[in-house]
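A look at the structure
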Amino acid sequence: MNRTSAKDFSRHPGLLDGHVERIIAAHKAADGYMADTALRTAGLIKIPGFLGNRRQTDLQTRVADEIYVIRPGDGKRHDSLVTASKPTSACRLVAGAMWPVISGLFTAHHAEVARKYYENLYLQHLTNSPDDNDEQKVFHTDTFFPAVKWWYFPHEVGPTDGPLMYVPNSPILSPALLAWHRAQIDAIRKGKVEEWRGRGHREGSLRIGLEEIADLGLKPESVTVEADTLVIANVFGFHARGVTTTPTHRLAVHGSIRLDNPI
Ligand SMILES: [Fe+2]
């Protein structure tokens with residue numbers, strides 16, 4: 001383990017010691033490399049009309065068409081990377097338009113951010129069905145430090161389209177949140193983790209229940225958007241994939257940046 005971003009308690013049980021202290025140290029360190037935006041507090045930024053007047057209808061349709069032909073799936077694959085598309089593709093234009101916004105979230109680590117931007121930028125053709133037991137549908141924090149994910153949605157995402165769910169203000173390190181983290185670590189150490197929290201919990205993406213979210217004084221929100229919206233989320237904050245009542249397709253140009261050494 002030579003990166004301070006390591007988070008997997010199953011592989012590195014030593015990380016259980018000092019987990020809460022690492023959260024605090026990582027957030028202090030972020031003051032030195034993350035811009036002071038709503039991403040640090042509320043945790044979510046929505047930019048509707050993102051492409052605006054740049055021949056938007058035509059471009060949005062082209063982006064959606066390029067994503068739709070990608071084989072459905074969640075993860076980043078070689079064939080779904082934006083860099084695998086033609087230099088003249090619409091998704092490349094969107095990537096270029098998003099870059100100043102995403103890079104502007106960082107005040108340092110510029111070379112790493114620039115490299116990761118294209119390494120992790122892909123066309124996400126997500127299918128979502130009721131009762132698919134997708135572990136991403138349980139609210140969770142991705143990791144212990146502020147990390148960024150974003151989605152450009154060419155189409156509207158309505159309440160029944162499996163929108164992202166997000167808990168506003170959950171990136172704020174309140175005493176109650178830190179106490180919740182401490183309790184999770186104790187439970188993992190004692191081998192007393194409830195089944196529903198799943199594998200990801202022990203891997204450092206801690207799962208949280210709806211009642212626990214309410215106990216923190218927080219409330220999940222459904223991130224529905226109009227067509228042509230950029231959504232940026234701090235995935236230290238709690239989030240989940242939305243549920244659907246019928247099988248749906250959700251199209252996005254999706255990227256993420258998680259620093260190798262956030263402390
Ligand atoms: Fe996540």
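These numbers come from a predicted model, not from an experiment.

1. Here we look at the packing of helix α1 (residues 19–30) against helix α5 (residues 175–189)
The relative placement of two packed helices comes down to the angle between their axes together with the axis-to-axis distance. Contact geometry for α1 and α5: axes closest at 9 Å, N-to-C directions at 145 degrees. The residues of α5 that touch α1, namely those facing H19, V20 and I23, are L178, H181, R182 and I185. Class assignment for the residues of the contact of α1 with α5 results in 4 nonpolar, 2 polar and 1 charged.

2. Some details on the pairing of strand β8 (residues 248–257)
Side-chain direction in a regular strand flips from residue to residue, so the side chains alternate between the two faces of the sheet. Of all 10 residues in β8, 8 are buried; the element is thus mostly enclosed. When strand β2 (residues 122–128) meets β8, the two strands line up antiparallel, connected through 7 bridges. By the bridge assignment for β8, Q124 is matched with A252. Here 5 bridges tie strand β3 (residues 148–153) to β8, and the two strands are oriented antiparallel to one another. Considered in β8, the bridge of W150 is made with G255.

3. Observations concerning the sheet that holds strand β1 (residues 44–48)
An order of β1-β6-β3-β8-β2 is seen for the 5 strands of this open sheet, with the pairing classed as antiparallel. Since the sheet does not close on itself, it has two edges, and those belong to β1 and β2, each with one partner. Going across the sheet, the axis of each strand differs from the next one's by a mean of 25 degrees, ignoring polarity. Both β1 and strand β6 (residues 229–234) contribute to a ladder of 5 bridges, which runs antiparallel. The residue of β6 that forms the bridge with I47 is L230. Contacting β2, β3, β6 and β8, helix α3 (residues 90–103) crosses the sheet at an angle of about 140 degrees to β3.

4. Here's the deal with the sheet that holds strand β5 (residues 221–222)
The antiparallel open sheet is built from 3 strands, whose spatial order is β5-β4-β7. Of all the strands in the sheet, the pair left with one neighbour each is β5 and β7 (239–241). Looking at chain direction, strand β4 (residues 164–166) and β7 are connected through 3 bridges and run antiparallel. Looking across to β7, one finds that L164 is bridged to R241.

Here is what the cut-offs are and how they apply
- In every chain, residue numbers begin from 1 and rise along the written sequence.
- Confidence filtering applies because this is a predicted model: local features only for residues at pLDDT of at least 70, side-chain atom pairs given and counted only at 80 or more, and all residues used for totals across whole chains, interfaces and linings.
- Orientation is described by axes fitted as lines to C-alpha atoms, over the contacting stretch for helices, and by angles from 0 to 180 degrees between their N-to-C directions.
- Put simply, DSSP H or I for four residues or longer makes a helix, DSSP E for two residues or longer makes a strand, and each gets a number counted from the N terminus.
- Note that contacts rest on C-beta atoms placed from the backbone: two residues are in contact if these are within 7 Å.
- Gly is put with the polar residues, along with every residue not named as nonpolar or charged; the nonpolar set is Ala, Val, Leu, Ile, Met, Phe, Trp, Tyr, Cys and Pro, and the charged set is Asp, Glu, Lys and Arg.
- Once C-beta atoms are placed from the backbone, each residue is buried if 20 or more other C-beta atoms lie within 10 Å of its own, exposed if 12 or fewer, and partly exposed for counts between those two.
- In this analysis, strands are considered paired if DSSP registers two or more bridges between them.

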